[in-house]
Amino acid sequence: MYQIANFTDNDDVKVIAQLGAFQVIEYQRDLSVTPDSAITAYYSAQMNVKKRQLVCRLDRSPVTIQAGSMQWMLGDVNATTGIKGVGDFLGKAVRGKATGESAIKPEYTGSGLLVLEPTYKYLILLDAAEWGGGVVLDDGLFLACESSLQHKAVMRSNLSSAVAGGEGLFNLSLNGRGVFCVESDCPQEELIEITLQDDVLKIDGNYAIAWSKSLSFTVERSGKSLIGSAASGEGLVNVYRGTGKVLMMPTAKMPNI
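Procedures and definitions
- Residues numbered from 1 in each chain as written.
- Predicted model: local features only at pLDDT ≥ 70, side-chain atom pairs only at ≥ 80, totals over all residues.
- Heavy atoms only, no water.
- Helix = DSSP H or I, 4+ residues; strand = E, 2+ residues; numbered from the N terminus.
- Buried < 20%, exposed > 50% of the residue type's maximum accessible area, 1.4 Å probe, protein only.
- Contact = heavy atoms within 4.5 Å.
- Areas by Shrake-Rupley, 256 points an atom, 1.4 Å probe, with all protein chains shown as cover.
- Polar contact = N/O pair within 3.5 Å; in protein donor to acceptor, adjacent residues only side chain to side chain.
- Pairing = 2+ DSSP bridges.
- Axes fitted to C-alpha atoms, helices over the stretch in contact; angles between N-to-C directions.
- Phe/Tyr/Trp six-rings, centres within 6.5 Å; stacked < 30°, edge-to-face > 60°.
- Lys NZ or Arg CZ within 6 Å of the ring centre and 35° of its normal.
- Core = buried A, V, L, I, M, F, W, Y, C linked by side-chain atoms within 4.5 Å.

Novice: So, the overall build of the chain: which residues are in play, and what are the values?
Specialist: Within the chain, the regular secondary structure consists of four helices and 18 strands. Across the 257 residues of the chain, 42% fall into the buried class. For the chain, the share of sequence-separated contacts (at least 6 apart) that also reach a separation of at least 24 residues comes to 79%. Per element, the accessible surface of the chain, about 13400 Å² overall, is 54% carbon and sulfur.

Structure follows, in structure tokens:
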């Protein structure tokens, strides 16, 4: 039996999202400042530069998290590697090498509370069921998911996606039913959701953070010819083709002005 005081009930802490086993909390102000940093902290809060944390309720579901992201845990919490045998370990090691994600993602079970490290990035909760049961994530965005979701490495539709686009050949996909959390450079309020029905989306740059596994992802010339691509000034674009959804950030990765 435990009780927690001055955490989510603190007037400086706000629960900004809740879905499945997860809560996203946001610190409205950074009170741990010095006279030299107070001005920066004040204007950071005004511009939504705030610390956020993911809280996991294990009594609702076991969760799998990115390695090294745990900050503290309370109550009946059991940590495992999530490895079910030698074959499973080898498969996860290969997938981790291919996708750039950690090979071992620890799994936490029990009925207690798990809190992850604070971050200035935006924590976005999504339901895999709304993506047709299979969603592909851009590299390095995965933070946590309910353990009912299966992890797989998805290969790009062609080699040009990796060679021409400067990207890896594989992405992490989450399959099944469950809620997951990604770390985004862009707030959810600014994310654009595009639904395709036997259609095509072309993006000049790595702005898509998640897309349906049913979509074909390639890197292609923006025009029908090399001359046309050069004339448009765009060159190569990321192409998502088929039926499914794409979640795109329009404002992040902008050059400093």
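Novice: Any details on the environment of aspartate 30? Residues and values, ideally.
Specialist: Among the structural elements, aspartate 30 can be located in the loop between strand E2 (22–27) and helix H1 (38–46). C-alpha of aspartate 30 to C-alpha of valine 49: the two residues are 19 residues apart in sequence and 9.7 Å apart in space. Once residues lying within four places of it in the same chain are set aside, the contact partners of aspartate 30 are Ala41, Lys51 and Tyr120. In this structure the side chain of aspartate 30 is engaged in a polar contact, spanning 3.2 Å, whose partner is the backbone nitrogen of serine 32.

Novice: Please give an account of the sheet that holds E2 that cites residues and values.
Specialist: A sheet is described by the order of its strands in space; here five strands give the open sequence E1-E2-E3-E8-E5, paired in antiparallel fashion. The open sheet has two edge strands with one neighbour each: strand E1 (13–19) and strand E5 (70–74). Ignoring which end each strand starts from, the neighbouring axes of this sheet average 20° apart. Here strand E3 (residues 52–57) runs beside strand E8 (residues 113–116); their pairing, made up of three bridges, is antiparallel. Within E8, the position partnered with valine 55 by the bridge is valine 115.

Novice: Got a sec to walk through the packing of aromatic side chains? Specific residues and values, please.
Specialist: All told, the structure shown has five aromatic pairs when counted by the stated rule. An aromatic cluster of three or more residues is present, and its members are Trp211, Phe217 and Tyr240. One Lys or Arg, lysine 245, reaches over the ring of tryptophan 131 and ends 4.5 Å from the middle of that ring.

Novice: How would you sum up unusual backbone geometry? Please name residues and give values.
Specialist: At asparagine 6, a residue that is not glycine, the phi angle is positive and equals roughly 65°. Mapped onto the elements of the fold, asparagine 6 is located in the segment before E1. Its relative accessible area of 56% is what places asparagine 6 among the exposed residues.

Novice: Mind laying out the sheet that holds strand E6 (residues 77–80), listing which residues take part and the relevant values?
Specialist: Overall, antiparallel pairing links the six strands, which are arranged E6-E7-E4-E11-E14-E9 in an open sheet. Two strands close off the open sheet at either side, each with one partner strand: E6 and strand E9 (122–127). Adjacent strand axes in the sheet meet at a mean angle of 20° when their direction is disregarded. Of the pairings in the sheet, the one linking E6 to strand E7 (residues 107–110) comprises four bridges and is antiparallel in character. Among the inter-strand pairings, alanine 79 is bridged to a residue of E7, identified as tyrosine 108.

Novice: Any chance you could break down the nonpolar core for me, citing the residues and the numbers?
Specialist: Formed by 20 residues in total, the largest nonpolar core has its most connected members in Leu137, Leu174 and Phe180. Once you skip the residues sitting within four places of it in the chain, phenylalanine 180 turns out to touch Phe22, Ile124, Leu125, Leu126, Asp127, Ala128, Val135, Leu137, Ala144, Cys145, Leu149 and Leu174. By size, the runner-up hydrophobic cluster in this structure holds 18 residues, among which are Leu58, Tyr108, Leu114 and Val179.

Novice: Before we move on, can you summarise the side chain of threonine 218 with the specific residues and values?
Specialist: Within the secondary structure, threonine 218 sits in strand E17 (residues 216–221). Within the structure, threonine 218 has its side chain in polar contact with the side chain of glutamate 220 (distance 2.8 Å).

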